[in-house]
Amino acid sequence: MSRNRRVHAWSIALVCALVFLFSASPLQVLRANQDPVPPPAAGQDPAAPAAGRGAGRGGPQPYASVVTNAFTSDDGVFKVHTNKSPDTVLFEIPNTQLDKDFVWDVSIKKTTIGAGFGGQNVSSRTVRWTKRGDRLLLLNMDYSITADADEMVARAVADANYPAIISTLPIAAYNADRSASVVDMTTFFKDGVAEFRAGAAIGGRGVAADRSFLERAVSFPENVNVEAMLTFTGGGAADAGGGGGGRAGGAARGMRGPSGTVVVHHSILKLPDTPMMSRNYDERVGYDSDNKVSFGTDEHRSVRDQIINRFRLEKKDPNAAVSDPVKPITYYVDPATPAKWVPFVKKGVMAWAPAFEAAGFRNAIQVLDAPKDPEWSAEDARYSVIHWVPTQAESQTYINDPRSGEILSANLSVYPNIATYGDTWYFVQAGAVDKRAQKLPLPDDLQGELLRFVVSHQIGHTLGLTHNLKASALYTVAQVRDPKWVKENSFVASIMDDARFNYVAQPEDNMDPADLIPKIGPYDKFAIKWGYAPVPNAKSPSAEHATLDQWARQQDATPYLRFSTEGAAATDPGDEAEAVGDMDAVAATSLGLKNLNRVAAFMFAGTTSKVGDPWDDLETVYGRMVTQWSTEMGHVAKVIGGLDSQQVHIGQQGVRFKTVPKAKQVEAMQFLLANAFQTPAFMVNTDVLRRIQASGAVDRVRAAQAAVLTALLQNARIDRMTEQMTIDGPTIAYSPLQFLMDLRNGVWSEAAKPGTAISIYRRNLQRTYLSQMDQKLNGTPAAGAEIRMLVKGELKALATQVKAAAAAPGLDEATRRHLVDAGEEITTILDPRIPRPAPDPAAAAAAGGRGRGGIR
Ligand SMILES: [Zn+2]
């Protein structure tokens, strides 16, 4: 299936964590993202017949009787005539535009609370108008099946793939010289045609005609945009419960009430007459791609493959090693952008220029101020625009040509509230090293650099690049701390990683503070060259194969050019979001914790300089520190039972997956026992806590530690360890039996030292341990037989230990009762006949993962 438009709105924030860089919780984003829509004006009669409607029944009518004076007209790729009383949209399509391909994109632009979200893509398809007598047929073109043009099979594919007819449109009138046909398109914008319906995406079942209005229709040289405000009915009283669909993977919400009003945006864009030559996708390099089924390969059989999305970049002088492009990739800066931020936005774009230079293109990318010309419009699909919009979600979208993957037009939305969110993140991650960041708010020049970073990352997406979460694990910790290395190569190999700021560098490393923010890295240059550099003399995508394979193989000798291995995100400890230096997560996290302690020393003074303000900054910073701590511990947890990976193809040395050596796994385990399950001082700082909340500190610590423990005890991890033990043997693998024993001895270390008091934090941790074990034996679904066997053995051993510990003389009463209680709990867990109380919902929520910043 072809995807013509990429949306990176908040809904995909789980994928694009950078969206979250400057945003608060998803809930806040959702709320802020929903602009209220003004109530419809009264007194309009939607049922009145439209001029031009029905004209086809008696054949085409005189032009002036169809396109009456009541219409306003806009000329462009074709003329668009609009009448708002009653709502009517006529397209006047010249014969020259018949049988040409257009992308027709439907999205939700604005919404009432609860129904979808602004920027949500609804559908995208390729269409064509074709003439048959006094009718135009609207055809649905499908380019997911292709064949090399010079192959005989192309004809057969074309015959077997005849386009579906979406609609038959009677021609209402011809223009004077019959060079153009006027058709009534109104119903397409009133949710009346299945292929372009927006209602289903938000859980609406029908359109309330009396509460729906045509907003505007404009035409540009290559595109037509139409917007309608539609009110859908049929939503439930509360959340429609999964009625929200869309393609955002369940992120869209159904309507909250019985009605929902949204502004639906239709963009109809003409595709190039000659499609660009496509480039086949390769899992070793991270590009967005479209699936294709291709016929007519050398083997004369069909193979499933994919093509990458990228701009069309052609050398002016094909023989020059480095040439100007025929047409540069051009971005325009929204005139609404405050002047002080414009230079940083531009810097974020131009940071990509050296990557294109290395790929053989001089002046390949440029960024311009939007022209003052009133004819210029950000809606004109010929222009890629960086919008400055008052929403709480950065987003970027592009429209591409499904035939070739060519990116035709891109739009970025930059979130202006940058000062509110990005600064606390930088304060926590880089404040220990960058003195400018030890006090909020951050100075403008530093905030500008944060903006520059976000723009660069989002521009990377519009160039076709996907995240490369492996990039943070491709440098050694020594490199991440080496000012010279970082100056040249950044501290992550790609700006398309979701790493943020260099929290590993230490004050004594003397890092230039400017280098604590990610830059375009070696992987980015490699990926741009791989995707954009022409392959000499290749006349078809298959002719590029050998060269592209050779280019990809540079990853063998230069590991920091590598990309995330397909399907390894859950198992490769180097494939992590929000990580720095995770080639050695233990070393990186050790250094990260040192910095967190440094931040703790100035967090109070640094967030309380604005006399008269509430303590919001302090609370935000505290929350961020707890999240940062959890995130870094999560990187260490992933080492246990992990598999290092590299995407290699046949002909390359080595395998794709390698078990992390036992010594590394054991080291990670010991690190967590010594650090994750002891209470960090900053988390229980009373100066801070007594100003931000009356109670809940103990629970915050419990939740943070529970998240680490829960992550460690994932069934999938223990299953992997069992498999590693079987395949690799005990010298390479860390046995799950040993792992569970080490964990028990660490979490219950007090029980081994009779007379030791157990703090409330440790008691909570130990309770979490028991509830996790209970889950494995009695939860739904329970763990597999192998894990159950191991868990039962652990609980029986623990029962003996706690019984002995509870009997120790001189023990404080709280500790003694806790140990007795633990013993009784174990009895209950091991005996399924004993009914147990329903789990505490708060604890269950904590155990179920804590979203972003938690442990994944
Ligand atoms: Zn991203």
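Residues numbered from 1 in each chain as written. Predicted model: local features only at pLDDT ≥ 70, side-chain atom pairs only at ≥ 80, totals over all residues. Heavy atoms only, no water.

Peer 1: Looking at this structure, I do not really get the sheet that holds strand S21 (residues 407–414). What am I missing?
Peer 2: Taken in spatial order, the five strands make up an open sheet running S18-S17-S19-S21-S20, and their pairing is mixed. Each edge of the sheet is formed by a strand with only one pairing partner; in this case those strands are strand S18 (365–369) and strand S20 (395–400). In this sheet, adjacent strand axes meet at a mean angle of 20 degrees when their direction is disregarded. Of the pairings in the sheet, the one linking strand S19 (residues 384–388) to S21 comprises four bridges and is parallel in character. (Pairing = 2+ DSSP bridges. Helix = DSSP H or I, 4+ residues; strand = E, 2+ residues; numbered from the N terminus. Axes fitted to C-alpha atoms, helices over the stretch in contact; angles between N-to-C directions.)

Peer 1: I would appreciate a short explanation of the packing of helix H14 (residues 585–606) against helix H16 (residues 662–675) in the present structure.
Peer 2: A pair of packed helices is characterised by two quantities: the angle between their axes and the separation of those axes. Close contact between H14 and H16 brings their axes to 10 Å; oriented N to C, the two are set at 20 degrees. With respect to H16, the axis of H14 lies roughly parallel. Of the two possible hands of crossing, H14 and H16 adopt the one that is left-handed. Within the contact between the two elements, H14 uses Val-586, Thr-589, Ser-590 and Leu-593 and H16 uses Glu-667, Ala-668, Phe-671 and Asn-675. (Parallel < 35°, antiparallel > 145°, perpendicular 65-115°, else oblique. Left-handed = near helix turned anticlockwise from the far one by under 90°. Contact = heavy atoms within 4.5 Å.)

Peer 1: Help me understand the nonpolar core, please; the structure alone is not making it clear to me.
Peer 2: In a soluble, globular protein the nonpolar side chains are often hidden away together inside. Ranked by size, the top nonpolar core spans 155 residues in total, and within it Tyr-331, Trp-352 and Phe-356 carry the most contacts. Top element by residues in this core is H14. It accounts for 10 residues. Among the domains, domain 3 (329–568) and domain 4 (748–856) are the pair contributing at least three residues each to this core. Core analysis: the second largest hydrophobic core is formed by 39 residues, Val-183, Phe-188, Ala-198 and Phe-232 among them. (Core = buried A, V, L, I, M, F, W, Y, C linked by side-chain atoms within 4.5 Å. Buried < 20%, exposed > 50% of the residue type's maximum accessible area, 1.4 Å probe, protein only. Domains from an automatic or database assignment.)

Peer 1: Looking at this model, I keep getting lost on the pairing of strand S5 (residues 120–132). Mind explaining?
Peer 2: Remember that side chains alternate between the two faces of the sheet whenever the strand is regular. Here seven bridges tie S5 to strand S6 (residues 135–141), and the two strands are oriented antiparallel to one another. Note that in S6 the partner of Trp-129 across the bridge is Leu-138. In textbook terms, the turn of a hairpin is the stretch between consecutive antiparallel strands, and for S5 and S6 this stretch comprises two residues, one of which, Gly-133, has a positive phi near 60 degrees.

Peer 1: Is there a simple way to think about helix H23 (residues 813–830) in this case?
Peer 2: In an α-helix, one turn spans 3.6 residues; hence positions three or four apart end up facing the same way. With 18 residues, H23 extends 26 Å between its outermost C-alpha atoms, agreeing within 8% with the 26 Å of an ideal straight helix rising 1.5 Å per residue. Three or more residues of H23 are buried, namely Thr-815, His-818, Leu-819, Ala-822, Gly-823, Ile-826, Thr-828 and Ile-829. Close packing links the buried residues of H23 with helix H21 (760–778) and helix H22 (785–806). (Expected span 1.5 Å × (residues − 1).)

Peer 1: Whenever I open this one, the pairing of strand S2 (residues 79–84) confuses me. Can you help?
Peer 2: Bridge count between strand S1 (residues 72–74) and S2: three bridges; the pairing is antiparallel. Within S2, the position partnered with Thr-72 by the bridge is Thr-82. A loop of four residues connects S1 with S2, the two strands running antiparallel in sequence. With six bridges connecting them, S2 and strand S3 (residues 87–94) associate as antiparallel partners.

Peer 1: What is the right way to read the packing of aromatic side chains from this model?
Peer 2: According to the stated counting rule, one finds 28 aromatic pairs in the structure shown. Between Phe-78 and Phe-91, the aromatic rings sit 5.1 Å apart at their centres with planes inclined by 40 degrees, giving tilted as the arrangement. In this pair, Phe-78 is assigned in the loop between S1 and S2 and Phe-91 in strand S3, connecting sequence segments 13 residues apart. Ring centres of Trp-376 and Tyr-383 lie 5.4 Å apart, and the angle between their planes is 25 degrees; on these two criteria the pair is classed as stacked. An aromatic cluster is present here, built from Phe-78, Phe-91, Phe-102, Trp-104, Trp-129, Phe-188, Phe-189 and Phe-196 joined pairwise through their rings. (Phe/Tyr/Trp six-rings, centres within 6.5 Å; stacked < 30°, edge-to-face > 60°.)

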